[in-house]
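Letter by letter, the chains look like this.
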Amino acid sequence: MSADRLVARAVNDVIALAPRRGEVSLAGLVAAVGTDRGRPIEVSMSELPPGVSGQWRQYADHDEFQIQDGLPTVDRTLAHELGHLVLGHDGIPVVEIARESTEFASDDLISYMLNQRTGCMGPGGEDVEQQAEDFAALLLHRLGRLRSDRSSIVQVRLGEAFG
Ligand SMILES: [Zn+2]
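Note that the coordinates shown come from a computational prediction; the quantities given were computed from them, not determined experimentally.

Q: How would you summarise the pattern of salt bridges if you had to cite specific residues and measurements?
A: One pass over the structure, following the stated rule, counts four salt bridges. Where D63 meets R39, a salt bridge forms, and the shortest distance between an N and an O atom there is 2.9 Å. Of this pair, D63 sits in strand β3 (residues 63-68) while R39 sits in the loop between α2 (26-37) and β1 (41-46), and the two are 24 residues apart along the sequence. Its relative accessible area of 0% is what places D63 among the buried residues. Through salt bridges that share partners, R37, R39 and D63 make up one connected network.

Q: Pulling in residues and values, what's your account of the coordination of the zinc ion?
A: For the zinc ion, the full set of protein donor atoms is H80 (NE2), H84 (NE2), C120 (SG), E129 (OE) and E129 (OE), and the range of their distances to it is 1.9 to 2.4 Å. Read in sequence order, the donor residues for the zinc ion give the motif H-x3-H-x35-C-x8-E. With a gap of 36 residues between them, H84 in helix α3 (residues 74-86) and C120 in strand β6 (residues 120-121) connect regions that are remote in the sequence. Both residues of the pair, H84 and C120, belong to the buried class.

Conventions used here
Residues numbered from 1 in each chain as written. Predicted model: local features only at pLDDT ≥ 70, side-chain atom pairs only at ≥ 80, totals over all residues. Heavy atoms only, no water. Salt bridge = Lys/Arg side-chain N within 4 Å of Asp/Glu carboxyl O. Helix = DSSP H or I, 4+ residues; strand = E, 2+ residues; numbered from the N terminus. Buried < 20%, exposed > 50% of the residue type's maximum accessible area, 1.4 Å probe, protein only. Donors = N, O, S within 2.8 Å, 3.2 Å for Na, K, Ca; no water.

Written as structure tokens, this is what we have:
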């Protein structure tokens, strides 16, 4: 399967987890993916090294997305990290973090692990970064459409009620 189709299918799978009615949020979708996989996903805003937008940490029993505090593009980064997870990429295993904790903050390691273009900190290369970017763009687009569809349904119903 081509990378494009892989990404499109992953987005479909995530959108399929949206509640059938009511409000749909990115945070809700992230939580739903965690429930679906049987591994909770925690999202936390953290003070990450400069230039880092987000990172995905894999713990033994859950996953954690760390998002740079104060980032103007939180949704985009969150969707990007979710993309890595649902596309089966690798996050940062936390045993590795513990073992390399002394080096973890060093500039060398950060530049080694940090993708300058996406601000993503992880072991993946340029290809997986592009896939995560494509996933994020498509997911946010689909999410926006789902939301506006639902709000126009609400407006139609209101129109019927008052019309
Ligand atoms: Zn990434």
